[in-house]
Structure formats: structure tokens, C-alpha cells
Amino acid sequence: MASSSTEKLPHVLAVDDSSVDRNIIQQLLLTNSACRVTTAENGEKALEFLGLAHGQDSCTCNSLIDLLALQDLEVNLVITDYSMPGMTGYELLKKMKESPTMKYIPVVILSSENNPRRIEQCKKEGANGFYKKPLTLTDIDQLVSSVKGLSYPSKKKHIIARE
């Protein structure tokens with residue numbers, strides 16, 4: 001079991017079909033903030049990790065061990081690419097915001113396209129931020145500040161978007 005200091009660290013889930021982009025996000029966050037980072041290569045894998053795959057809404061805890069495992073996996077922020085094969089970041093956002101247990105988790109969308117309609121659509125669905133790739137140093141600073149400001153668990157919006 002992890003020490004109590006690491007158990008309280010904010011937990012970020014980075015979702016991107018590009019392994020390069022996943023690794024960049026992971027390294028930037030680990031280098032510049034005190035957090036845990038888990039990565040997923042697509043929206044379906046992210047939903048599995050969050051316990052929302054196949055219509056589930058988080059896991060059912062049948063024992064103290066299950067409860068401790070769920071607390072250890074709790075995610076405080078999701079950073080996802082918009083354009084991914086299978087399930088887009090927008091679809092992942094919608095699934096999360098439809099879930100009573102996941103709707104409070106801040107979600108930040110990344111996209112290589114600066115599409116105002118797409119940005120507005122994501123914000124209407126509850127995205128806490130929208131950043132255009134490649135990320136600028138200012139974007140990275142905002143994301144790191146957001147991660148540093150996360151509580152355990154998080155139920156607030158923390159991100160300002162750059163369009």
C-alpha cells in the first residue's frame with residue numbers, strides 16, 4: 001500500500017490515442033506538479049478505468065479491500081484528446097457528465113483544431129477547459145496550477161480555457 005502522503009496526491013487521467021502526446025502530458029505533470037498520472041489510449045479504456053464501461057456507474061464495493069482500491073483509483077482531473085478513433089473526447093466527456101459519481105471530475109479537452117463550434121459544444125457539456133495543441137508554456141502553467149489546486153476528491157471547476 002502507498003504511503004499516506006502519496007495517497008492524497010491528486011490523480012490525473014490523461015487520455016490520448018497518440019502515445020507521444022500521452023507521454024508528454026504525463027512527463028509535464030509529473031515534472032512540474034505533485035500528482036499521480038494514469039494514461040489511457042482511448043475513451044473506452046478511460047471508461048473502463050473509471051468504472052463506467054458497459055453501463056456501469058463506478059464499481060460496487062463488496063469489501064474493505066474493494067473500497068480501498070476504489071479510493072486509490074479516484075481521479076481528480078481528466079485531460080483528453082478530442083479526436084480519437086472509436087470514442088471521441090467529447091463522447092467521453094458526455095459519458096462522464098451523465099454519471100452521478102463522475103460528473104464532478106473536471107475534464108480538459110485538447111485538440112489540434114481550433115473549431116469554435118466544437119469548443120462551445122464541449123463547454124456546454126461541462127468541459128472545464130479546452131486547449132489547442134500543441135500546448136504553449138502558458139497552457140502548461142495553467143494545467144500545472146490546476147493540478148496543484150486540486151483537492152481530494154475534487155468537486156469544483158478549476159480550469160480556464162485557451163481558444
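**Here we look at the sheet that holds strand 3 (residues 77–81)**
Then comes step 1: Read across the sheet, five strands follow the order 2-1-3-4-5 without closing on themselves; strand pairing throughout is parallel. Edge positions in the open sheet fall to strand 2 (36–40) and strand 5 (129–132), since each of these has one partner strand only. Geometrically, the sheet is characterised by an average inter-axis angle of 20° between neighbouring strands, direction not taken into account.
Then comes step 2: Relative to strand 5, strand 4 (residues 107–111) runs parallel, the two sharing four bridges. When the bridges of strand 5 are listed, Ile 109 appears paired with Phe 130.
Then comes step 3: Relative to the sheet, helix 3 (residues 43–50) contacts strand 1 (11–15) and strand 2, its axis offset from that of strand 1 by approximately 155°.

**Here's the deal with empty space enclosed by the protein**
Then comes step 1: On inspection of all chains with the given rule, the structure shows one cavity of 30 Å³ or more.
Then comes step 2: A volume near 40 Å³ is recorded for the largest cavity.
Then comes step 3: Mapped onto the lining of the largest cavity, the elements with two or more residues apiece are helix 2 (19–32) and helix 7 (137–148).
Then comes step 4: Its residues assigned to classes, the lining of the largest cavity comprises seven nonpolar, no polar and no charged.

Calculation rules
- Residues numbered from 1 in each chain as written.
- Predicted model: local features only at pLDDT ≥ 70, side-chain atom pairs only at ≥ 80, totals over all residues.
- Heavy atoms only, no water.
- Pairing = 2+ DSSP bridges.
- Helix = DSSP H or I, 4+ residues; strand = E, 2+ residues; numbered from the N terminus.
- Axes fitted to C-alpha atoms, helices over the stretch in contact; angles between N-to-C directions.
- Contact = heavy atoms within 4.5 Å.
- 1 Å grid on protein atoms, 1.4 Å probe; cavity = no way out; pocket = protein on both sides within 12 Å on 5 of 7 lines; lining within 4 Å.
- Points joined across faces, edges and corners; volume = space filled by probe spheres on them.
- Nonpolar A, V, L, I, M, F, W, Y, C, P; charged D, E, K, R; others polar.

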